[in-house]
Structure formats: C-alpha cells, structure tokens
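Letter by letter, the chains look like this.
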Amino acid sequence: GIFLIPYFIMLLVIGLPLFLMELSLGQYGAAGPITVWKCCPLLKGVGVAMLIVSSLVSLYYNVIIAWAFYYLGSSFQSPLPWSCDAPRNADLCQVGAVTVTCWGCVLQNTSGSAGRESASEVFWKKQVLGVTHSSGLGDPGPVQWPLALCLLAAWILIFLCMLKGIRSSGKVVYFTATFPYLVILILIIRGATLDGSLNGVRFYLSSNWNRLQSAQVWSDAASQIFYSLGIGCGGLLSMASYNKFDNNVIRDTLVIAIGNCCTSFLAGFAIFSVLGHMAWRKQVPVGSVADSGPGLAFVAYPEAVSLLPGSPFWSILFFLMLFTLGVDTLFGNIKGITTAILDEFPALRDWRRKTALLGALCTAFYLLGLLLVTQGGIFWFILIDTYSTGFGLIIVALFMCLGIAFCYGTNQFCQDIVDMICRCPPWCSHMLSYFKVCWVFFTPCLLLFTLIYTFLDMYSVPLRYGTYEYPAWGTSLGVCMGVLTCLQIPVWATVALCRESGTLRDRFQKATQPLSSWRMATAQDMARDIIDVPFTITLTNSD
C-alpha cells in the first residue's frame with residue numbers, strides 16, 4: 001500500500017515527462033528511434049541504444065508469452081494439473097486440519113510441512129521449466145520442447161499480426177488492449193465474493209510508513225514506471241511517428257500514462273482478493289502466499305485459482321488475459337525495431353523486403369530464445385531481464401532528457417509541441433510549464449538518484465534465483481549487456497563529431513544543431529492539410 005505513494009510521485013516526475021517527450025519526438029519528427037535524432041545528431045547513439053534495449057527485451061519477453069500459452073493449454077484439463085485434485089499430486093498434498101466455521105465444515109488441503117513445495121510450484125519448476133535437472137547458468141541442459149513449440153507459436157502469431165504493418169497490428173490491439181479490462185473486472189467481482197478476500201485487500205493496501213525512508217522503495221517505484229510505460233525502448237517513438245501531425249500529445253500522455261498506472265493499481269485488487277482466499281483456505285498469513293516476478297503469475301496465482309469452484313474456467317480467463325497483455329506489449333517492441341531499421345534503410349520499405357525483414361527478425365529471435373526454454377533457461381531469463389532493462393535503460397532515458405533539455409532546447413521543444421497542437425488550450429500551456437521544469441531539473445535528478453542506487457544495489461546484493469547465487473562470470477556477462485547499450489551513446493557521438501569540421505567546440509556546436517531534413521516531414525504533413533475549396537470574387541465598378 002505504501003508503495004503507491006512513491007509510485008505515483010515517480011509517475012508525475014519521471015513517467016509523464018519522459019512519456020510526453022518520446023511521444024512528441026516521434027510525432028513531430030515522423031521517424032523512428034534512430035532517425036528522429038536528426039534534431040540533435042550528437043545523440044544518435046541514444047536511438048541505437050534504444051534499439052538494443054528493445055531487442056534484448058523482445059528476446060526474453062516472448063518467453064513469458066510462451067509460458068502463458070503453455071498454462072492456457074493446460075487449463076483445459078479438469079482437474080487442473082497443478083491442483084491438489086490431480087492424481088499426480090496426491091503425494092504432495094496431504095489432508096491437514098479441519099476448520100469449523102459458521103457455514104459448516106471446510107476441509108483444508110495443506111502442505112505436510114513448511115519446507116515442502118506446493119503442487120503448483122512443482123508443476124512450474126519440474127514440468128514447465130525442467131529447472132530441477134539444471135545446476136545453474138553453466139548447465140542449460142536440453143530444450144523443453146513443449147515450451148519451444150509454444151514459443152514458436154507465439155512468434156508466428158506476432159509475425160502474422162504485424163505482416164501488413166501498423167494497420168493490421170492496430171486492429172489486433174483493439175482486442176488485446178481492451179480484453180484485459182474485461183477480465184480484470186470479472187476477476188474483481190469474483191474475488192469480492194470469496195471468503196478471506198478482504199484480508200488480501202488489506203494486505204495489498206497496508207501501510208508501513210517506515211518503508212518510505214528506504215531508498216530501495218523509491219528505486220523500485222522508478223523501475224516499475226519504466227516497465228509499465230515502456231519508456232526508453234523506442235516503441236513509443238515508433239508508434240507516435242504514425243500519428244497525425246496535429247494530434248494532441250499532451251492529452252494522449254495524460255490519458256494513456258495515468259490510465260495505465262490506474263489499471264495496474266486496479267489489477268492488484270483482482271490478484272490479492274484471490275490470494276486472500278487462498279491464505280484463508282490454508283489458514284496462513286497473506287504474506288506467506290504472495291510472491292513476486294514469475295512466481296506470482298505462474299505459481300501463487302495459479303494455485304489460488306485452483307482452489308476456486310470451476311477452476312479451469314478462471315484459469316483460462318486469467319492466462320488468456322496474460323497472453324493478450326504480452327502480445328500487446330511485444331507489438332510495441334517489434335514495431336520499434338522494424339521502424340528504426342526501415343528509416344535507416346528506405347530500400348527495405350518494399351512490401352516483399354519488409355516481409356522478409358520481419359520474418360528474419362522473428363526467426364532470429366526465436367532461435368536465440370531457445371536458450372531460454374532449456375532446462376536451465378530460467379537462469380538466463382532472470383539474467384537478461386535484470387541487466388537488459390537495468391542501469392542501461394536509465395542511462396538512455398537520462399541522456400535523452402538532458403539532450404532535449406540542454407542541446408535541442410526546452411523552449412524550442414515546447415514550441416514544437418505547441419505547433420503540433422495548433423489551438424493549444426490554456427490547460428495545455430500550464431502543463432507545458434510544469435513539464436519544462438521537470439525536463440530541466442526534477443526528472444534528471446531523480447533519474448540520477450535511481451541510477452546511483454541501482455549501481456550500489458548491483459554491487460552489494462548478489463543476483464539470485466531462489467537459493468541459486470549467480471557466479472561472477474554470469475554477473476559480468478549481465479553487466480556487459482548494460483555496458484553494450486551505454487557504449488552506443490559515446491561511440492555515435494564521436495562519429496557525429498568526426499563528420500564535422502573545425503575546432504572541437506565548433507564540431508560540438510554543429511553536431512547539436514538539427515539537420516536541414518529535420519523539419520521536412522513537418523512541412524509535408526502541413527502541406528497535406530491544405531485543401532482546395534471553391535470561392536467567388538465579386539468585382540465592383542472601381543475595380
């Protein structure tokens with residue numbers, strides 16, 4: 001509960017300003033994450049770094065979709081294969097205490113001892129991942145072929161949905177973006193009718209004010225904003241490049257960003273009401289059944305769902321929602337990658353070549369992703385997830401913010417936004433004043449704080465998955481992923497300086513000036529808005 005305070009503060013100071021910055025850059029420049037830096041060639045490396053981040057995220061994110069697809073298929077069995085009612089789990093589930101309530105006798109299925117794993121956890125680790133047969137990062141083992149087939153189906157679906165470009169993927173998004181809202185609403189209503197659901201909601205909203213003194217809470221809130229809004233990955237820039245030039249980006253920022261975070265808050269009620277019922281059934285505290293990361297979506301919540309009457313239906317509903325959410329997110333990442341490549345290589349814009357490019361990308365991501373569906377794939381998944389969107393992503397966002405604020409200029413950037421909105425209402429002008437202050441001071445300061453804490457946390461707390469501690473070479477490999485992202489900024493800045501002439505100061509000034517082609521897209525868009533209309537001229541005798 002107390003986490004919501006730093007979460008919404010980070011939304012206001014980091015999330016909204018950076019979200020608006022990416023949308024405005026993409027819409028005004030009508031280009032992807034690399035080409036859009038014609039506005040400041042010195043920072044072209046920021047766009048290349050976004051491309052690398054987006055590629056790393058796409059590599060492992062579709063594995064989550066494959067897991068959801070596997071669970072979705074398994075949900076059509078009755079009883080659910082991870083429930084205590086399944087014959088294979090008879091040895092894992094023992095009859096515990098009998099609890100007498102005012103409604104009668106309720107037979108509890110509890111674990112025989114606190115140290116034993118639940119049926120849901122055994123199903124996740126042994127049947128889905130096969131991680132029990134791997135000793136760690138250096139022992140990936142063979143591919144889990146059921147997961148490999150699910151991963152293949154997920155990439156084929158992504159390819160087919162994006163085959164005809166932004167129009168076809170846009171139509172699919174109408175379903176993938178709205179369906180989860182329906183499922184969340186249904187799960188909230190169902191959860192509210194369960195015994196013990198209020199205990200889960202109380203746990204979700206409980207406040208421990210002392211935690212506000214912890215830098216970890218504030219750093220986690222900033223990280224969650226990045227993940228939730230997709231900042232710094234290039235997908236926002238690419239999607240915004242397809243907007244009409246006069247689209248109100250300030251309105252879109254407020255509606256999308258605030259709506260997104262409120263949806264996350266609302267989804268918490270759907271999750272914790274069911275977890276509260278699970279804790280009530282087991283007669284344990286809610287905190288003992290709650291989990292984080294993959295464990296919440298694929299261990300704790302499936303176990304809670306298995307305790308509900310008609311559990312296969314609720315399981316199908318939940319994993320179908322998870323599947324559509326994953327596909328919706330991956331659309332933005334893949335669109336960011338393809339847009340960046342097509343902008344840099346216009347010859348590939350032909351439909352056949354564009355299809356071949358999309359097919360090659362999906363095939364490459366699938367083959368690379370096979371490492372993540374081996375028996376030790378979860379160790380690689382955690383490694384890439386931790387470092388691909390860690391300090392590298394924060395540095396990308398920091399340089400993007402500083403570059404626009406101090407190289408391109410906040411006054412010019414705000415004027416560009418006003419030019420796009422045309423009839424800028426007073427409230428938009430007031431919002432721009434707020435965003436200008438954030439871009440110049442508050443957002444960079446908070447990003448710097450988050451970056452420093454991320455480095456301190458990275459070197460003081462070893463990376464773990466359960467009881468397994470990652471070796472030094474594994475951590476070093478993860479750091480190299482982040483360094484590879486960060487290196488693009490100085491490398492491409494050096495290239496931009498070398499292309500100019502004069503002293504170092506002259507080169508720097510020239511490299512921070514927008515290219516002449518920066519406003520060409522703007523002029524073309526405005527030209528399209530000019531239409532011919534019939535008119536009549538009346539001449540008088542004096543004429």
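No experiment lies behind these values; they were computed from the predicted model shown.

Attention now moves to empty space enclosed by the protein. A full pass over the atoms with the stated rule returns 1 cavity of 30 Å³ or more. One number sums up the size of the largest cavity: a volume of about 110 Å³. Taken together, 10 residues line the largest cavity, and the ones lying closest to its centre are Met-162, Lys-335, Thr-338, Lys-354 and Leu-358. Mapped by element, the contributors of at least two residues to the lining of the largest cavity are α11 (311–344) and α12 (351–369). Top element by residues in the lining of the largest cavity is α12. It accounts for 4 residues. For the lining of the largest cavity, the class distribution of residues is 5 nonpolar, 3 polar and 2 charged.

This next bit is on the packing of aromatic side chains. Scanning all chains against the criterion turns up 39 aromatic pairs. An angle of 50° between the planes, with centres 4.8 Å apart, marks the rings of Trp-67 and Phe-381 as tilted. With a gap of 314 residues between them, Trp-67 in helix α2 (residues 44–74) and Phe-381 in helix α13 (residues 377–388) connect regions that are remote in the sequence. With relative accessibility at 3%, the residue Phe-381 sits in the buried group. With 5.5 Å between their ring centres and 10° between their planes, Trp-155 and Phe-365 make a pair best called stacked. Separated by 210 residues along the polypeptide, Trp-155 in helix α4 (residues 145–161) and Phe-365 in helix α12 bring together distant segments of the chain. The two residues Trp-155 and Phe-365 agree in class, both being buried. Of the aromatic side chains, those joined through ring pairs into one cluster are Tyr-60, Trp-67, Tyr-70, Tyr-71, Trp-82, Phe-123, Trp-124, Phe-298, Tyr-301, Phe-318, Phe-319 and Phe-381.

The next thing to look at is unusual backbone geometry. Residue Pro-79 is reached from Ser-78 by a cis peptide bond, and omega for that bond is 0°. Summarising the element assignment, Pro-79 is placed in the loop between α2 and β1 (94–101). Even without being glycine, Ala-30 reaches a positive phi, approximately 50°. Its place among the elements puts Ala-30 in the loop between α1 (4–29) and α2. Given a relative accessible area of 33%, Ala-30 falls into the partly exposed group.

So, on to the nonpolar core. Counting residues in each nonpolar core, the largest one holds 163 residues, and the members touching the most others are Leu-25, Trp-37, Trp-67 and Ile-417. Considering every element that reaches this core, the biggest residue donor is α2, with 19 residues. With sequence-adjacent residues up to four places away left out, Ile-417 is seen in contact with Leu-20, Ser-24, Val-249, Ile-250, Leu-432 and Trp-439.

Now for the packing of α2 against helix α3 (residues 119–129). In the contact formed by α2 and α3, the axes pass within 12 Å of each other and the chain directions differ by 105°. Between α2 and α3, the interaxial angle falls into the category roughly perpendicular. Where α2 approaches α3, its residues Trp-67, Tyr-70, Tyr-71 and Ser-74 are matched on the opposing element by Phe-123, Trp-124, Gln-127, Val-128 and Leu-129. Along the lines of polarity and charge, the residues of the contact of α2 with α3 split into 7 nonpolar, 2 polar and no charged.

Glancing now at the pattern of salt bridges. In this structure the tally under the stated criterion is 6 salt bridges. For Lys-125, the salt bridge goes to Glu-121, with nearest N and O atoms at 3.2 Å. Taken together, the residues Lys-125 and Glu-121, both in helix α3 and 4 residues apart, mark about one turn of the helix. Among the salt bridges present, the one from Glu-303 reaches Lys-282, with a minimum N-O distance of 2.4 Å. One end of the pair, Glu-303, is in helix α10 (residues 294–306); the other, Lys-282, is in helix α9 (residues 249–282), and 21 residues separate them in sequence.

Mapped onto the secondary structure, Arg-281 falls in helix α9. Lacking a salt bridge, the buried Arg-281 has Asp-85 as its closest oppositely charged neighbour, with an N-O distance of 7.4 Å. A polar contact is formed between the side chain of Arg-281 and the backbone oxygen of Leu-307, at a distance of 3.1 Å.

Turning our attention to the confidence of the model for the protein. Here the protein shows a mean pLDDT of 85. Residues at 70 or above account for 89%. For the protein, per-element mean pLDDT is lowest for strand β2 (residues 104–110), which scores 34, and highest for helix α16 (residues 472–499), which scores 95. Predicted confidence for residues 523–540 stays below pLDDT 50, and this span has 3 contacts to residues more than four positions away or in other chains.

Time to look at the environment of Thr-386. Assignment of secondary structure puts Thr-386 in helix α13. Thr-386 sits 92 residues away from Gly-478 along the chain, and the two C-alpha atoms are 7.8 Å apart.

As a further point, take a nonpolar patch on the surface. Side chains of Leu-402, Phe-406, Val-437, Val-440, Phe-441 and Phe-442 sit close together on the surface and give an oily, nonpolar patch of about 530 Å² of accessible area. Looking at the nonpolar patch, the elements that each hand over two or more residues are α14 (391–421) and α15 (426–460). Residue placement: Phe-441 occurs in helix α15.

Next up on the list: the environment of Ile-337. Turning to its location among the elements, Ile-337 is positioned in helix α11. Distance from Ile-337 to Val-53, taken between C-alpha atoms, is 9.9 Å for residues 284 residues apart in sequence. Beyond its immediate stretch of four places on either side in the chain, Ile-337 contacts Leu-51, Ser-54, Ser-55, Ser-58, Leu-361 and Phe-365.

Further remarks concern α16. Between its first and last C-alpha atoms α16 spans 40 Å; for 28 residues at 1.5 Å apiece the expected length is 40 Å, and the two agree. Where α16 bends most, at Leu-487, the angle is about 25°, and the proline Pro-490 comes one to four residues later. Looking at the buried side of α16, the elements it contacts are α2, α13, α14, α15 and α17 (504–511).

Reading guide: rules and limits
Residues numbered from 1 in each chain as written. Predicted model: local features only at pLDDT ≥ 70, side-chain atom pairs only at ≥ 80, totals over all residues. Heavy atoms only, no water. 1 Å grid on protein atoms, 1.4 Å probe; cavity = no way out; pocket = protein on both sides within 12 Å on 5 of 7 lines; lining within 4 Å. Points joined across faces, edges and corners; volume = space filled by probe spheres on them. Helix = DSSP H or I, 4+ residues; strand = E, 2+ residues; numbered from the N terminus. Nonpolar A, V, L, I, M, F, W, Y, C, P; charged D, E, K, R; others polar. Phe/Tyr/Trp six-rings, centres within 6.5 Å; stacked < 30°, edge-to-face > 60°. Buried < 20%, exposed > 50% of the residue type's maximum accessible area, 1.4 Å probe, protein only. Core = buried A, V, L, I, M, F, W, Y, C linked by side-chain atoms within 4.5 Å. Contact = heavy atoms within 4.5 Å. Axes fitted to C-alpha atoms, helices over the stretch in contact; angles between N-to-C directions. Parallel < 35°, antiparallel > 145°, perpendicular 65-115°, else oblique. Salt bridge = Lys/Arg side-chain N within 4 Å of Asp/Glu carboxyl O. Lys, Arg positive; Asp, Glu negative; His and termini not counted. Polar contact = N/O pair within 3.5 Å; in protein donor to acceptor, adjacent residues only side chain to side chain. pLDDT = per-residue confidence, 0-100. Patch = residues over 30% accessible without salt bridge, like charges linked within 9 Å, V, L, I, M, F, W, Y side chains within 5 Å. Areas by Shrake-Rupley, 256 points an atom, 1.4 Å probe, with all protein chains shown as cover. Expected span 1.5 Å × (residues − 1). Bend = angle between axes of the 7 residues up to and from the residue.

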